[in-house]
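Structure assessment
Spelled out, the chains give:
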Amino acid sequence: MLDCAIIGGGPAGLTAGLYTTRGGLENVVMYEKGMPGGQITQSSEIENYPGVTGEISGMDLMIPWPQQCQKFGLKHEMVAILRVSKDGDTFNIHKDDGSITQAHSVIVCTGSSPRRAGFKGEDALFGKGVSTCATCDGFFYKGKEVVVIGGGDTALEEALYLAKICSKVYLVHRRDTFRSAPNTVARVKRTQNIELVLNSSPEEVYGDEMGVTGILIKNNNGEVRDIKVPGVFTFVGNDVNNQTLKQEDGTFLCEMNKQGEVIVDISMQTSVKGLFSAGDMRIAAPKQVVSAAGDGAVAALKAISYVDELLNH
């Protein structure tokens, strides 16, 4: 019986592992089917993590984290978790090798995956000029022109953010109306260095050894426009990695919103006692490394209190 099972090995999961073990829980296992580190390991350069100066990649940032956690007793099991269920006060961790491990508490931090738009060259140039995070990568295009693809709240908000940094932002959307809030749309239309490229979709992003050099955009009439830019940002939604919380009957173990994000309170507590969620998969997540780490610390401290009360009352 584990004191705490942590599902996911990104910044939230690793921080939860550090705080649970250092805080006194003796039997803690972090389940991560690959190497720990999370999505951020794919970023070529990090400039906004507090206390880190100079050039550092996402991989370099994350390399020391597992070692620090393991020093305090965190165990890492490289296995995929199919499902987390609960029977009374006991959680069951169903693994893909067919075995089941039991735990007093669970912290789920399996994150979310930015949805790819699906145009030619997107995967090959991802991280080399194609990005899904303006706050992570926007600064690299200071004073340059970029393309933003999408028509929802995130796309428009990120276009506004980039417009403060970049000389020009081309906002490409497949329709002539936006799904975003009316006041956000109005702000975009008022911003002089945002050009709306409507009724249009990306055909192909291209580049060289240095990265992206341009993108081909096709409108509804079949006309193709070649926009020469070094950066392309896609915001077509996120897929929440919530599969481990899905039960055999198709329902979820705890409450979710319509987007499939886990509903938590300020303590990262879900609607199920002893079950916590942290990082990008929870509601209103800022999707930043520092925020995910903070979530993991909060969830861990609450998990310690929960297990202590469970075992001593």
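You'll find the structure just up there.
Below you will find a few notes about this structure. These numbers were taken from a predicted model, which means no experiment stands behind them.

1. Overview of unusual backbone geometry
Look at Asn-199: it is not a glycine, yet its phi comes out positive at around 50°. Residue classification places Asn-199 among the partly exposed positions, given a relative accessible area of 26%. Despite not being glycine, Lys-287 shows a phi value in the positive range, around 60°. Along the chain, the position of Lys-287 falls in the loop between β17 (275-277) and α7 (289-312). By relative accessible area, which is 28% here, Lys-287 ends up partly exposed.

2. Re the state of the cysteines
Counting across every chain of the model gives one disulfide. A disulfide bridge connects Cys-133 with Cys-136, and the sulfur atoms are separated by 2.1 Å. One disulfide, between Cys-133 and Cys-136, carries an S-S torsion of 70° and so falls in the right-handed class. Counting only cysteine sulfurs, Cys-4 is the nearest neighbor of Cys-109, a cysteine outside any disulfide, at a range of 8.8 Å. A disulfide-free cysteine, Cys-254 has its sulfur positioned 13 Å from the sulfur of Cys-109, the nearest such atom. By relative accessible area, which is 6% here, Cys-254 ends up buried.

3. Some points on the nonpolar core
Membership of the largest hydrophobic core comes to 55 residues, with the highest contact counts inside it found for Ile-6, Tyr-31, Val-106, Ile-107, Leu-245 and Leu-275. In terms of residue count, α7 provides more of this core than any other element does, nine residues in total. Once you skip the residues sitting within four places of it in the chain, Ile-107 turns out to touch Cys-4, Ala-5, Ile-6, Ile-7, Ala-16, Thr-20, Phe-276, Ala-299, Ala-300 and Ala-303. With 20 residues, the next largest nonpolar core counts Ala-155, Ala-159, Leu-162 and Phe-178 among its residues.

Rules and cut-offs
Residues numbered from 1 in each chain as written. Predicted model: local features only at pLDDT ≥ 70, side-chain atom pairs only at ≥ 80, totals over all residues. Heavy atoms only, no water. Buried < 20%, exposed > 50% of the residue type's maximum accessible area, 1.4 Å probe, protein only. Helix = DSSP H or I, 4+ residues; strand = E, 2+ residues; numbered from the N terminus. Disulfide = S-S within 2.5 Å. Core = buried A, V, L, I, M, F, W, Y, C linked by side-chain atoms within 4.5 Å. Contact = heavy atoms within 4.5 Å.

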